[in-house]
Amino acid sequence: MKKVPFLILMSLALVLCACQKNPVEGKWEAASKDGLLQLIGCGSIEFKSSRMYLCGATDRVEYDVRGELVVVRPARGDSLVCHLNGPDQMYFEMNGEKLYWNRVK
């Protein structure tokens, strides 16, 4: 009889872990359009549950959430390692340059 509550609790824990919120999901705007972003003419990025939209292009992605780091793995191209600075600011490096972003509300 004691196994049933334990199994229910374990099942609930697995469901809650699977529903972990992706902290980068949503639309972001560049904090500054200098440097690389000015060169490529891109000022926004959007992350959805399985897609990323950047500079007018879309790609399928997978996410690896590691606390304040989120690794975004697109089907094509290099991974992005997003560093969160609170819920509404982040940066990632591209071509050796840190690109800072603010969440669009």
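Located above this text is the structure these notes cover.
All of the points below concern the structure found in this document.

Thresholds, definitions, all that
Residues numbered from 1 in each chain as written. Predicted model: local features only at pLDDT ≥ 70, side-chain atom pairs only at ≥ 80, totals over all residues. Heavy atoms only, no water. Pairing = 2+ DSSP bridges. Helix = DSSP H or I, 4+ residues; strand = E, 2+ residues; numbered from the N terminus. Axes fitted to C-alpha atoms, helices over the stretch in contact; angles between N-to-C directions. Salt bridge = Lys/Arg side-chain N within 4 Å of Asp/Glu carboxyl O. Buried < 20%, exposed > 50% of the residue type's maximum accessible area, 1.4 Å probe, protein only.

## Overview of the sheet that holds strand β1 (residues 26–30)
Okay, so step 1: A barrel is described by the order of its strands in space; here eight strands give the closed sequence β1-β2-β3-β4-β5-β6-β7-β8, paired in antiparallel fashion. Taken pair by pair, the neighbouring strands of this sheet meet at an average axis angle of 30°, ignoring direction.
Okay, so step 2: Looking at chain direction, β1 and strand β8 (residues 97–103) are connected through three bridges and run antiparallel. In the sheet register, Trp 28 faces β8, and the bridge partner there is Arg 103.

## Things to note about the pattern of salt bridges
Okay, so step 1: Counted by the stated rule, this structure contains five salt bridges.
Okay, so step 2: Arg 66 serves as the salt-bridge partner of Asp 64, at 2.8 Å between the closest nitrogen and oxygen.
Okay, so step 3: In this structure Arg 66 comes out as partly exposed when scored by relative accessible area, which is 49%.
Okay, so step 4: In this structure, the salt-bridge partner of Asp 64 is Arg 73, at a minimum N-O distance of 3.8 Å.
Okay, so step 5: The partly exposed category is assigned to Asp 64, whose relative accessible area is 23%.

Purely geometric numbers; function is a separate question.
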